[in-house]
Amino acid sequence: MIGRCLVALTAAAVTTASAQQPPAKPPRLEELEARVRRDSLDPEAHFRLAARYYTLKRFADEERELRTTIAIDPRYASAYLWLGDLPFDRRPKLWREYRKDKIPAEFQPAVEESFHLWQQAVLIDPMVDFRVEGTTAPPEDMMVIPDYGGITTDYLLWLGLGAFGVARYELAWNGLDLWTQRTYANKPQDSIPDFLFLYRGLAAGHLKAYNRAIADIQVLYARSLQAERSDSLLPFPLKTNDYRYILAVLNQTWGKSADAIRLFEESLANDLGLYMAHVRMAQIYRAHQMWDQSIAEARRAIETNPNDATSIRELGVILDEAGRAAEAATTLQQAASANPRDPRTLYHLGVVQHKLAQPAEARETLGRFIAMAPAGRYEHELADAKQRLATLPQ
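This is a predicted model, so every value here is computed, not measured.

Caption draft 1: Structural context of the overall build of the protein chain. Along its length, the protein chain carries 19 helices and three strands. For the protein chain, the proportion of its 394 residues judged to be buried stands at 52%. Sequence-distant contacts, at least 24 apart, represent 59% of the contacts inside the protein chain between residues at least 6 apart. Approximately 18900 Å² of the protein chain is accessible, and the part contributed by carbon and sulfur atoms is 52%.

Written out as structure tokens, the structure reads:
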């Protein structure tokens, strides 16, 4: 909850402390590379290796691992975000050139691709962790900051942004909120910059303080309805429909299904290509066991983005849960063909074949799943698959 990370003003000092424990020592490169060789179909393993390559500035290796991550799991939002950052990592002054609208012509295509990748990341998961350019991570231990007036106020801003950039969301929310109180006390809300509402709102969302998160993003949504405007501290360009979609996701996560559905439908009315809105509405209807509506939205997601094999798998799972196992088997076979590197599809297909009393097919499919699934990522599914295999007639 917000407040567990203390940022308290006294007459003498601002005291800050992170509720999170100091991170463990990062794995050695050799360990990460060995894990990838051992579990070559684990997207998390590839992403962690990419992150290590980033710290070593081995950008070509980082890009390879990020693209492998997406090939295995097309919904791995962080990989899209980091791919979008790569042109700026390779050319650090590109950030400054972008802010000044002076991007060299030869880098313009790469920047445009970055915008597309960033938008894809937010489309998949608005709560994706992203770095904040120009900030540094705050200390892990408790610190006491003497209150030097404006200097301390300025520091609170960079403390909050730096904490956000390393996913320390309690500290981020408190630092940004206290900075706002000190900087904009007795001033109209219109004077508060956009970036504050975005970072503070997303931090609140990570902390499951959905009422606070929605209130902040609602401000950005209302502002964008009046006029599209730019804020240099926003991580990437966001428009009215982006804020509408983020509000929909926050409402979905909070359990406000009716509000989420309304906002997703409004988002689709403004962007017919927003396939993840269909995916998320299918999830909502599935949670309420409204099978016809869930299946319809899952089909629309595939129609909108036929290249997303994950949507095909999700439709197959929904069909199975809806009691339409034969249709589920056909759909899951299509998903397996579309992305043969996703072990989850084979698991679900084997389960459906087992239900349909197809022992030979179930044995072959579940055997393939067991052979390819990373042990550390699918422990439950592997145990279930082995148990089902043991019950099949020889």
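Caption draft 2: Fine view of the packing of aromatic side chains. Scanning the entire structure with this criterion turns up 19 aromatic pairs. Relative to Trp118, the ring of Phe115 lies with its centre 5.7 Å away and its plane at 45°, an arrangement referred to as tilted. Pair noted here: Phe115 and Trp118 are both in helix H6 (residues 108-124), with a separation of three residues, about one helical turn. By relative accessible area, which is 21% here, Phe115 ends up partly exposed. Residue classification places Trp118 among the buried positions, given a relative accessible area of 1%. Seen in terms of ring centroids, Phe164 and Tyr169 are 5.3 Å apart; in terms of plane orientation they differ by 80°. Their pairing is edge-to-face. Among the aromatic residues, those joined into a ring-pair cluster are Phe88, Trp95, Tyr98, Phe115 and Trp118. Positioned above the aromatic ring of Trp82 is the side chain of Arg131, whose terminal nitrogen or guanidinium carbon lies 4.7 Å from the ring centre.

Caption draft 3: Summary view of the packing of H6 against helix H13 (residues 275-287). Between H6 and H13, the least distance of the axes is 9 Å, while the angle of their chain directions is 10°. Compared by their axis directions, H6 and H13 come out roughly parallel. The segment H6 lies against H13, with Gln120, Leu123 and Ile124 engaging Tyr275, Met276 and Arg280. Looking at the contact of H6 with H13 residue by residue, the class counts come to four nonpolar, one polar and one charged.

Caption draft 4: Representation of the packing of helix H17 (residues 343-355) against helix H19 (residues 379-391) within the structure. At a minimum axis separation of 11 Å, H17 and H19 run at an interaxial angle of 30°. One finds that H17 runs roughly parallel with respect to H19. Like other packed secondary-structure pairs, H17 and H19 cross with a definite hand, here left-handed. Residue-level inspection shows Tyr347, Val351 and His354 of H17 in contact with H19, the latter providing Glu381, Asp384, Ala385, Arg388 and Thr391. Considered class by class, the residues forming the contact of H17 with H19 number three nonpolar, two polar and three charged.

Caption draft 5: Looking closely at the pattern of salt bridges. Applying the stated rule across the entire model yields 31 salt bridges. The residue Arg48 makes a salt bridge to Glu44 at a minimum N-O spacing of 2.9 Å. Highlighted residues: Arg48 and Glu44, both in helix H2 (residues 43-55), separated by four residues, approximately one helical turn. Overall, Arg48 belongs to the partly exposed group, its relative accessible area being 44%. Arg286 is paired through a salt bridge with Glu321; the nearest N and O atoms lie 2.6 Å apart.

Procedures and definitions
Residues numbered from 1 in each chain as written. Predicted model: local features only at pLDDT ≥ 70, side-chain atom pairs only at ≥ 80, totals over all residues. Heavy atoms only, no water. Helix = DSSP H or I, 4+ residues; strand = E, 2+ residues; numbered from the N terminus. Buried < 20%, exposed > 50% of the residue type's maximum accessible area, 1.4 Å probe, protein only. Contact = heavy atoms within 4.5 Å. Areas by Shrake-Rupley, 256 points an atom, 1.4 Å probe, with all protein chains shown as cover. Phe/Tyr/Trp six-rings, centres within 6.5 Å; stacked < 30°, edge-to-face > 60°. Lys NZ or Arg CZ within 6 Å of the ring centre and 35° of its normal. Axes fitted to C-alpha atoms, helices over the stretch in contact; angles between N-to-C directions. Parallel < 35°, antiparallel > 145°, perpendicular 65-115°, else oblique. Nonpolar A, V, L, I, M, F, W, Y, C, P; charged D, E, K, R; others polar. Left-handed = near helix turned anticlockwise from the far one by under 90°. Salt bridge = Lys/Arg side-chain N within 4 Å of Asp/Glu carboxyl O.

Remember, this is a structural readout, not a statement about activity or role.
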